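Residue strings, one per chain:
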Amino acid sequence: MKHSMFISTTQAIHVIKDLENKYRLQRRAHKYSLQKIEDLTSVSHWKVSYFETGHGITLLNYIRILRPIDAVKPFIKAIFGASWEQDYNYICKMSDDELIRSIGQQVKMLRIKQQKTQEEISRCAILSMPTLSKLERGHINISLLSFIKLIQALKGKELTGF
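This report concerns the structure included in the present document. Given the structure is predicted, the values throughout are model-derived calculations rather than measurements.

1. Some remarks on the overall build of the protein chain
At step 1: When its secondary structure is counted, the protein chain shows 11 helices and zero strands.
At step 2: The linear arrangement of helices and strands in the protein chain, starting from the amino end, is α-α-α-α-α-α-α-α-α-α-α.
At step 3: Across the 162 residues in the protein chain, those meeting the buried criterion constitute 44%.
At step 4: Accessible area for the protein chain stands at about 8500 Å²; split by element, carbon and sulfur atoms hold 51% of it.

2. Comments concerning helix α8 (residues 96–113)
At step 1: Taking 1.5 Å as the rise per residue, α8 with 18 residues should run 26 Å; its terminal C-alpha atoms sit 26 Å apart, in good agreement.
At step 2: Those residues of α8 that fall on the buried side of the exposure criterion are Leu-99, Ile-100, Ser-102, Ile-103, Gly-104, Gln-106, Val-107, Leu-110 and Arg-111.

3. A look at the pattern of salt bridges
Side-chain pairing between opposite charges can occur once the charged atoms of the two side chains come close.
At step 1: In the structure shown here, the tally under the stated rule is two salt bridges.
At step 2: Taking the shortest distance from any N to any O, the salt bridge between Arg-111 and Glu-136 comes out at 2.6 Å. Residue Arg-111 is found in helix α8, and its partner Glu-136 is found in helix α10 (residues 129–136); the two are separated by 25 residues along the sequence.
At step 3: With a relative accessible area of 7%, Glu-136 lands in the buried category.
At step 4: A salt bridge links Glu-119 to Arg-123, with the nearest nitrogen and oxygen atoms 3.7 Å apart. Highlighted residues: Glu-119 and Arg-123, both in helix α9 (residues 118–125), separated by four residues, approximately one helical turn.
At step 5: Taking the relative accessible area as the measure of exposure, Glu-119 reaches 47% and is therefore partly exposed.
At step 6: Arg-123 gets classed as partly exposed once you look at its relative accessible area, which sits at 46%.

About the thresholds
- Residues numbered from 1 in each chain as written.
- Predicted model: local features only at pLDDT ≥ 70, side-chain atom pairs only at ≥ 80, totals over all residues.
- Heavy atoms only, no water.
- Helix = DSSP H or I, 4+ residues; strand = E, 2+ residues; numbered from the N terminus.
- Buried < 20%, exposed > 50% of the residue type's maximum accessible area, 1.4 Å probe, protein only.
- Areas by Shrake-Rupley, 256 points an atom, 1.4 Å probe, with all protein chains shown as cover.
- Expected span 1.5 Å × (residues − 1).
- Salt bridge = Lys/Arg side-chain N within 4 Å of Asp/Glu carboxyl O.

What follows is the structure, encoded as structure tokens:
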């Protein structure tokens, strides 16, 4: 996939559907009810249910939902590589603000490593430049769909393996 191409929303939705299915299987394997996930994550029952039924969710809520069933590790590794795997316990203890800042820094580092401008990446991911800028500075939380499209644009390929 070339960076000049748009990242298909359909591709990103396919990734999310895969994430939803794996999450449901892991939650059931842990025998956690939706109420238990809400109690452990501070993500409301309806948001967890909304995610499980194929609807949108923010990146931060998705990470919160995955933490109790120890399923966030493959997601983080697939996005940021092995360096984040080493810091997994630290990442899971981060506050929401710290996590958003850290993710923003990782996004910026990936973009710079690819020698791409915010304009090039935002156009490819179909994300506004102000939104990308705010994300890189750790000022906003974006939808999981937008985040997957952004990471696919940065990595130049469809995300798989989690």
